[in-house]
Amino acid sequence: TELIVGNNIIKSKRVDALILATNKKIEIEINASINEYVYIRNTAYICNIYSTNALVGDSYNQDIDIIQINLTWGLDYEESKREFRIIDKNGNVYVKNLLIMEINMEYYKKIWYSKDEKKIKENELLVMLDLNEGELKKMPKSDKISEKYIESVTIVNNDPFFQEYMSHEEDQRKMQNSLIREAEDTGYEKGIKLGEEKGKIDIAKRLLNMHMNKEDIIKATGL
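About the cut-offs
- Residues numbered from 1 in each chain as written.
- Predicted model: local features only at pLDDT ≥ 70, side-chain atom pairs only at ≥ 80, totals over all residues.
- Heavy atoms only, no water.
- Helix = DSSP H or I, 4+ residues; strand = E, 2+ residues; numbered from the N terminus.
- Buried < 20%, exposed > 50% of the residue type's maximum accessible area, 1.4 Å probe, protein only.
- Contact = heavy atoms within 4.5 Å.
- Areas by Shrake-Rupley, 256 points an atom, 1.4 Å probe, with all protein chains shown as cover.
- Phe/Tyr/Trp six-rings, centres within 6.5 Å; stacked < 30°, edge-to-face > 60°.
- Lys NZ or Arg CZ within 6 Å of the ring centre and 35° of its normal.
- Core = buried A, V, L, I, M, F, W, Y, C linked by side-chain atoms within 4.5 Å.
- Polar contact = N/O pair within 3.5 Å; in protein donor to acceptor, adjacent residues only side chain to side chain.
- Pairing = 2+ DSSP bridges.
- Right-handed = clockwise from strand over helix to strand, strands pointing away.
- Axes fitted to C-alpha atoms, helices over the stretch in contact; angles between N-to-C directions.
- Arc of directions from axis to C-beta.

Here the focus is the overall build of the protein chain. When helices and strands are counted, the protein chain shows nine helices and seven strands. Per-residue burial over the protein chain gives 29% buried out of 223 residues. Here the analysis covers contacts within the protein chain between residues at least 6 apart in sequence; of these, 51% occur between residues at least 24 apart. Taken as a whole, the protein chain presents about 15,600 Å² of accessible surface, with 54% of it coming from carbon and sulfur.

In this section: the packing of aromatic side chains. In total, this model carries one aromatic pair according to the counting rule given. With a centroid separation of 5.0 Å and an interplanar angle of 75 degrees, the aromatic rings of Y107 and Y108 are classed as edge-to-face. In this structure, R82 is placed above the aromatic ring of Y77, and the distance from its NZ or CZ to the ring centre is 3.6 Å.

Our next topic: unusual backbone geometry. In this structure, K115 takes a positive phi of about 60 degrees despite not being glycine. Mapped onto the secondary structure, K115 falls in the loop between α2 (105–114) and α3 (117–122). Since its relative accessible area comes to 66%, K115 is described here as exposed.

Attention now goes to the nonpolar core. Generally speaking, soluble globular proteins have nonpolar side chains that are buried together. In terms of nonpolar packing, the biggest core is built from 20 residues, with L71, I103, W112, V127, L131, L136 and M139 touching the most fellow members. Counting only elements with at least two residues in this core, the list comes to β4 (24–31), β5 (65–72), β7 (98–104), α2 and α6 (144–158). If you tally residues by element for this core, the top one is α2, at four residues. Sequence-distant contacts of M139, that is, excluding residues within four places in its chain, are made with W112, I120, E124, M128, L131 and I150. With ten residues, the next largest nonpolar core counts A204, M210, I217 and A220 among its residues.

This part covers the side chain of T72. Locating T72 in the fold gives a position in strand β5. Here the side chain of T72 touches N31 through a polar contact of 3.0 Å, side chain to side chain. Beyond its immediate stretch of four places on either side in the chain, T72 contacts N31, I34, E102, I103, N104, M105 and E106.

Where strand β3 (residues 17–20) lies against β4, four bridges are found, and the strand directions are antiparallel. Note on β4: the bridge partner recorded for A17 is I28. Linkage of β3 to β4, two consecutive antiparallel strands, is achieved through a turn of three residues. In the sheet, β4 pairs with β5 via eight bridges, with the strands oriented parallel. Note that in β5 the partner of I28 across the bridge is I69. As a crossover connection, the stretch from β4 through helix α1 (residues 36–55) into β5 is right-handed.

All right, on to the sheet that holds β5 then. Within a sheet, neighbouring strands are paired by backbone hydrogen bonds and run either parallel or antiparallel to one another. In spatial order, the strands read β3-β4-β5-β7-β6; together these five strands make up an open sheet with mixed pairing. Strands with a single pairing partner mark the edges of an open sheet, and in this sheet they are β3 and β6 (81–84). The mean inter-strand angle of the sheet, taken between neighbouring strand axes irrespective of direction, is 15 degrees. This element, α1, spans β3, β4, β5 and β7 of the sheet and lies at about 165 degrees to β4.

Attention now moves to α2. Turning to α2, its buried residues number three or more, namely M105, Y108, I111 and W112. Mapping the buried residues of α2 onto a view down its axis gives an arc of 110 degrees, with all of them on the same face. Structural note: α2 exposes K110 and Y113 on the side pointing more than 90 degrees away from its buried face. Elements that come into contact with the buried residues of α2 comprise β5, β7, α3, α4 (124–127) and α5 (133–137). Looking at where α2 begins, the residue whose side-chain oxygen comes 3.2 Å from the main-chain nitrogen of E106 is N104. Just downstream of α2 lies K115, where phi reads positive at about 60 degrees.

As C-alpha cells, then:
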C-alpha cells in the first residue's frame, strides 16, 4: 500500500489497497465522505502509480491497465458508478490504459434497504461492502465468493489481532466532523447570541491546526 516516491523530500503516500495482476494495476480507495480534496488526493495517487509504471521496462507502452476504483459514500447522483478517462472535447482518448471508476456506495445502500431480494442478489458483492456483521448474516449465501466474504469478515471482526481501537485517520475525521457539527449547531440551531463569533473562531483555529482545508472551515463555521 506504500507508493514509491521520487525523492526523500516528498512524503510517502499510503493507499487503501493495490492489486497487481498480469496486465493490470488496480488501486482501491475507500472514501467515507466526499469533498473536493478527495478527488485531488486520489488523482495524485493514480498519477503516481501511472508514472511509476511508465518507468518500468525499456519502452513506453499501454500494455498494462492502470485502474483506480473509488468506493465512495456521500455522493448525490443516481447512477451506480461513473468512469473517468483523459479525453478531449470530442471524446478522443489521450491514453487508453488509465481509468478511474467511482462506485456510488449510496446506490448500493438503497438496494439493501429496498429489501428487493432479486436486486440484492444481482448486486450482492457491492451491497455486502456496506453491511455490518449482523446484516451480513441475513444475506443469502448464493455463491462461494459471498460465503467466503461473510466468513472472513466474521473471523476478522472477532480476531483481536485485527482489532484496532481507532486509526489516526479515523480519529482525525471524527474530530473534524464533531467540530463541524458543533459549528453548525452554533450557527444554525442556536441562532445569533453573545460570544458565538468567538466560539466559531476557536473552532476554526482548532480545525486549522488539524490541517483541514480552509474552504471547508469557511463552509462549516460561516466565518
